[in-house]
Amino acid sequence: MIESFSNGQEGVQNSVTDQATAARHAEYWRRNIRLLGALLIVWFVVSYLCGIVFAEALNAFTLPLSNFPLGFWFAQQGAIYVFVILIFVYVKLMNDLDREFDVDEGEGA
Amino acid sequence: MSVQTWTFLLVAASFALYIGIAVWSRASSTKDFYVAGGGVSPLANGMATAADWMSAASFISMAGLISFMGYDGSVYLMGWTGGYVLLALLLAPYLRKYGAFTVPDFVGDRYYSQLARIVAVVCAIFVSFTYVAGQMRGVGIVFGRFLEVDVNVGVGIGMGIVFFYAVLGGMKGITYTQVAQYCVLIFAFMVPAIFLSLMITGTPIPQFGLGGVDQASGMPLLERLNGLHQELGFGPYTSGTKSTLDVFFITAALMVGTAGLPHVIIRFYTVPRVRDARISVGWALLFISLLYTTAPAVAVFARTNLINSVQDVPYSSVPEWFTKWEDTGLISFDDANGDGRIQYVGPESPLTNELTVDRDIMVLANPEIANLPAWVIGLVAAGGLAAALSTAAGLLLVISSAVSHDLLKRSLMPEITEKQELMAARIAAGVAVFVAGYFGMNPPGFVAQVVAFAFGLAASSFFPAIILGIFSKRTTREGAILGMVSGITFTAAYIVYFNFVNPGANSADNWWFGISPEGIGTLGMLLNFTVTMVVSRMTHEPPAEVQALVDSIRVPRGAGEAHEFSM
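Residues numbered from 1 in each chain as written. Chains lettered and ligands numbered in written order. Predicted model: local features only at pLDDT ≥ 70, side-chain atom pairs only at ≥ 80, totals over all residues. Heavy atoms only, no water.

Chemist: So what's going on with the packing of aromatic side chains? Which residues, and what values?
Modeler: A complete count under the given rule lists 36 aromatic pairs over all chains for this structure. Plain terms: the ring middles of Trp29(A) and Phe471(B) are 5.3 Å apart, the flat faces sit at 40° to each other, and that makes the pair tilted. Of this pair, Trp29(A) sits in helix α2 (residues 19-53) while Phe471(B) sits in helix α18 (residues 447-471), which puts the two residues in different chains. Look at Phe471(B) and you get partly exposed, because its relative accessible area is 22%. In textbook terms, an aromatic cluster arises when at least three aromatic residues are bridged by ring pairs, as seen for Trp43(A), Phe44(A), Tyr48(A), Phe248(B) and Phe249(B). The aromatic ring of Phe68(B) is capped on one face by Arg303(B), whose charged end is 5.2 Å from the ring centroid. (Phe/Tyr/Trp six-rings, centres within 6.5 Å; stacked < 30°, edge-to-face > 60°. Helix = DSSP H or I, 4+ residues; strand = E, 2+ residues; numbered from the N terminus. Buried < 20%, exposed > 50% of the residue type's maximum accessible area, 1.4 Å probe, protein only. Lys NZ or Arg CZ within 6 Å of the ring centre and 35° of its normal.)

Chemist: Kindly report on the interface of chain B and chain A, identifying the contributing residues and their values.
Modeler: Facing 71 residues of chain B, the contacting portion of chain A comprises 56 residues. In this assembly, chain B packs against chain A so that about 5,500 Å² is buried in total across both faces, 67% of it on carbon and sulfur atoms. Looking at the side of chain B facing chain A, the largest losses of area belong to Leu89(B), Arg278(B) and Arg557(B), adding up to 12% of the total buried there. The tally of links from chain B across to chain A stands at 18 residue pairs in polar contact (both at pLDDT 80 or more). Taken together, the elements giving at least two residues each to the side of chain B that touches chain A come down to α5 (74-98), α9 (206-210), α11 (244-260), α13 (274-310), α18, α21 (544-553) and α22 (559-565) of chain B. For the side of chain B that touches chain A, the leading source of residues is α5(B), giving 14 residues. Looking at the side of chain B that touches chain A residue by residue, the class counts come to 41 nonpolar, 19 polar and eleven charged. (Contact = heavy atoms within 4.5 Å. Buried area = accessible area lost by both parts, 1.4 Å probe. Polar contact = N/O pair within 3.5 Å; in protein donor to acceptor, adjacent residues only side chain to side chain. Nonpolar A, V, L, I, M, F, W, Y, C, P; charged D, E, K, R; others polar.)

Chemist: So, the confidence of the model for chain B: which residues are in play, and what are the values?
Modeler: Should pLDDT be low for a region, the predicted coordinates there are not to be read in detail. Residues and elements named next belong to chain B. Looking at chain B as a whole, its pLDDT mean stands at 86, while 97% of the residues score no less than 70. Confidence, expressed as mean pLDDT per element, reaches its minimum in chain B at α22 with 42 and its maximum at helix α20 (residues 520-538) with 95. As scored by the predictor, the complex reaches a pTM of 0.89 and an ipTM of 0.90. (pLDDT = per-residue confidence, 0-100.)

Chemist: Please provide a residue-by-residue account of the packing of helix α7 (residues 114-146) of chain B against helix α17 (residues 418-441) of chain B, values included.
Modeler: All names here are of chain B. Packing of α7 against α17 leaves a shortest axis separation of 8 Å and a crossing angle of 60°. Compared by their axis directions, α7 and α17 come out oblique. Once α7 is placed against α17, the crossing between them reads as right-handed. Facing α7, whose interface residues are Phe-129, Val-132, Ala-133, Met-136 and Arg-137, α17 presents Ala-432, Val-435, Ala-436, Gly-437, Phe-439, Gly-440 and Met-441. Of the residues belonging to the contact of α7 with α17, the class tally is nine nonpolar, two polar and one charged. (Axes fitted to C-alpha atoms, helices over the stretch in contact; angles between N-to-C directions. Parallel < 35°, antiparallel > 145°, perpendicular 65-115°, else oblique. Left-handed = near helix turned anticlockwise from the far one by under 90°.)

Chemist: Residue-level account of the side chain of Thr391(B), with values.
Modeler: Tracing the backbone through its elements, the reader meets Thr391(B) in helix α16 (residues 374-412). When neighbours within four sequence positions are excluded, Thr391(B) is seen to be in contact with Ala51(B), Asp52(B), Trp53(B), Met54(B), Ser55(B), Tyr131(B), Gln135(B) and His263(B).

Chemist: How would you summarise the pattern of salt bridges if you had to cite specific residues and measurements?
Modeler: Residues and elements named next belong to chain B. Taken as a whole and judged by the stated rule, the model has 14 salt bridges over all chains. Put simply, Arg-117 and Asp-109 hold a salt bridge, and the shortest N to O gap is 3.1 Å. Owing to a relative accessible area of 3%, Arg-117 belongs among the buried residues under this scheme. Given a relative accessible area of 10%, Asp-109 falls into the buried group. Between Arg-224 and Asp-214 there is a salt bridge, and its shortest N-O distance comes to 3.7 Å. You can see Arg-224 sitting in helix α10 (residues 221-232) and its partner Asp-214 sitting in the loop between α9 and α10, a full ten residues away along the chain. Of the residues examined, Arg-224 reaches a relative accessible area of 21% and is grouped as partly exposed. According to the relative accessible area criterion, Asp-214 is buried, its value standing at 5%. (Salt bridge = Lys/Arg side-chain N within 4 Å of Asp/Glu carboxyl O.)

Chemist: Please give an account of the nonpolar core that cites residues and values.
Modeler: Residue and element names in this part refer to chain B. Counting residues in hydrophobic clusters, the biggest one holds 220 residues, and the most contacted among them are Trp-53, Phe-59, Tyr-84, Tyr-292 and Phe-463. Among the elements that line this core, the one with the most residues is helix α8 (residues 151-201), at 22 residues. Formed by eleven residues, the second largest nonpolar core is a distinct cluster that contains Phe-453, Ile-495, Phe-498 and Ile-520. (Core = buried A, V, L, I, M, F, W, Y, C linked by side-chain atoms within 4.5 Å.)

Chemist: Now, about the confidence of the model for chain A: what can you tell me, with residues and values included?
Modeler: All names here are of chain A. On average, residues of chain A score 84 in pLDDT, and 82% of them reach the 70 mark or higher. Mean pLDDT per element in chain A: helix α1 (residues 2-17) is the minimum at 48, and helix α4 (residues 70-100) is the maximum at 95. Every residue in residues 1-8 scores below 50 in pLDDT, and together they form 17 contacts with partners more than four places removed in sequence or on other chains.

Chemist: Summarise empty space enclosed by the protein; cite the residues concerned and give the values.
Modeler: Residue and element names in this part refer to chain B. What the rule picks out here adds up to six cavities of 30 Å³ or more. If you add up the space inside the second largest cavity, you get close to 60 Å³. When contributions to the lining of the second largest cavity are tallied by element, the ones reaching two or more residues are α8 and α15 (361-369). For the lining of the second largest cavity, the leading source of residues is α8, giving five residues. Class assignment for the residues of the lining of the second largest cavity results in ten nonpolar, one polar and no charged. (1 Å grid on protein atoms, 1.4 Å probe; cavity = no way out; pocket = protein on both sides within 12 Å on 5 of 7 lines; lining within 4 Å. Points joined across faces, edges and corners; volume = space filled by probe spheres on them.)

Chemist: Give a description of the environment of Val298(B) that names residues and reports values.
Modeler: All names here are of chain B. With respect to the helices, strands and loops of the structure, Val-298 is situated in helix α13. Residues Val-298 and Gly-218 lie 80 residues apart in sequence; the distance between their C-alpha atoms is 19 Å. Not counting the four nearest positions on each side in its chain, Val-298 is found in contact with Ala-63, Phe-189, Ala-193 and Asn-366.

Chemist: Give me the packing of α8(B) against α17(B): which residues, what numbers.
Modeler: Angle between the axes and distance between the axes are the two parameters that describe a pair of packed helices. All names here are of chain B. One can describe the packing of α8 onto α17 by two numbers: an axis separation of 10 Å at closest approach and a directional angle of 165°. Taken together, the axes of α8 and α17 lie roughly antiparallel to each other. Considering how the two elements wind past one another, α8 and α17 form a crossing that is right-handed. On the side of α8, the interface is formed by Asn-152, Val-155, Gly-156, Met-159, Val-162, Phe-163, Val-167 and Leu-168, while α17 contributes Arg-426, Ala-429, Gly-430, Val-433, Phe-434, Gly-437, Gly-440 and Met-441. The class makeup of the residues in the contact of α8 with α17 is ten nonpolar, five polar and one charged.

This is how it looks when you write it as structure tokens:
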């Protein structure tokens with residue numbers, strides 16, 4: 001494990017000397033943060049807002065095509081479905097971002 | 001065949017499978033032992049993570065808890081799944097890129113400090129031990145009830161099995177056994193749920209059945225249950241009794257705690273690449289959500305069934321399962337008004353409640369309450385054991401690697417060879433099995449409570465240190481150490497005060513801002529974040545090589561090389 005640690009460092013020292021790469025990595029990181037922020041807003045809205053803060057108010061409505069009170073559905077079903085979808089969306093967008101900035105790991109292992 | 005024969009057969013068959021896998025996947029290096037050689041496929045890792053994560057609490061207790069808590073049970077559903085979004089987005093890919101063996105490994109290197117490493121080791125061992133004792137207890141209860149052996153013998157058998165595959169196979173053995181255990185436990189959870197859903201709502205999919213129509217009354221199921229609750233003086237099932245703020249804080253503590261639990265985090269070290277780490281969190285949550293979206297349906301089915309089968313029934317004509325569970329002391333009836341009938345009513349009813357039901361038995365008793373075939377009951381027993389054993393094994397590995405890798409190799413005895421370290425890891429795992437078994441047989445009275453608090457402790461210690469370690473280069477050694485110490489001390493003090501020092505004061509009137517001890521981890525985490533950031537700004541910035549390390553973990557490329565270079 002020590003080897004892999006120093007190995008990672010060497011990679012970084014090369015990239016630090018290379019100004020263009022450093023700037024590209026900084027831009028990659030900004031885009032990454034923006035993506036995380038957007039996804040975490042959705043995460044917060046479905047669970048903390050729809051499932052908790054506004055749950056009682058949403059219970060006045062029924063989920064279409066079912067008999068679920070809406071707030072209760074978000075808290076015990078809907079939020080979980082959205083969480084799963086969020087992660088798969090993140091994986092797709094992040095892998096695309098890696099390729100766009102040429103920091104992906106290639107096809108081989 | 002009788003229930004007991006079926007149970008014995010199914011449990012024995014599943015145990016034989018786990019042992020077979022252990023023999024096939026022996027560990028031959030420390031890399032095998034700690035991270036399964038780093039070559040686990042994302043799909044298999046997702047399944048293993050799901051089994052690792054879903055413990056006796058998820059399988060046996062959660063649906064029962066929700067059944068009695070109604071809407072308030074949502075904290076567990078959202079809390080124990082939402083944490084995976086944080087893991088996928090904020091932790092797993094970066095920790096995989098760093099390529100360590102353990103969580104304290106990362107903390108120690110990122111904060112260039114042996115002290116930080118030791119603090120992390122202590123937190124990891126403490127969190128894992130509280131958790132593992134509860135698992136062994138779960139094993140004992142399943143054995144005791146279904147195979148009618150003594151609880152201690154049950155714990156002993158469980159210890160033997162875990163010892164075999166954890167000590168022999170390390171992470172490699174554990175990973176592939178967990179894949180098998182996931183299949184056993186999800187099958188065992190879904191089969192009765194599907195039966196129940198068909199019986200009550202006529203829909204085979206429990207998630208739809210929950211929002212469906214109760215066939216007996218022709219009313220929407222949830223409306224019917226709310227009606228029953230109102231009649232009997234319980235609050236409405238689909239609305240909560242906890243304050244919104246408390247629900248908010250408990251959910252957050254469970255989510256963040258999930259993302260900070262070391263036995264979950266280390267699972268993402270076992271895949272070959274950063275992108276595999278990302279997708280395997282997705283698979284893990286998909287597999288987990290199968291059980292977590294079924295559990296609230298099981299809760300409602302069980303609740304409706306329970307009320308229908310016991311309320312106002314003469315005690316002399318109760319079903320067989322009732323008497324059986326009465327023997328274990330988990331159901332008790334006290335005929336307060338002497339009319340020979342069971343009055344099961346809530347706090348708002350003018351009548352006196354005469355029935356006490358332990359919520360832990362809802363999942364285990366469900367198939368019997370619903371009169372399902374004998375093999376389904378045996379299957380539930382095997383599933384409960386799979387859930388408890390898979391989580392216990394994952395936790396034991398964290399404890400063993402914390403001792404052999406973080407404490408010995410990286411701190412006290414850096415000169416030991418790979419072979420000696422592997423031996424130390426096996427010995428540590430063996431000792432940990434015995435300590436866990438001891439606590440399973442002689443549970444300190446507070447184990448059940450403490451398990452829930454393990455999340456608060458993980459939330460207030462590891463999570464901020466790891467997140468800031470990745471997302472803020474300016475975070476210093478001093479900041480992280482003081483942050484971890486203040487977060488975990490504050491949280492532990494609040495929990496200990498309200499549960500052990502002054503349990504009489506444990507009510508919403510005395511809680512700070514109305515936050516219960518279950519939710520206080522969120523405040524502890526905020527405290528940790530604040531302390532870490534303020535102290536970091538006041539201390540000298542981290543050395544250049546640490547800042548370079550942070551730059552390198554932010555970019556995926558290069559993780560594959562680390563994997564190949566390692567052994």
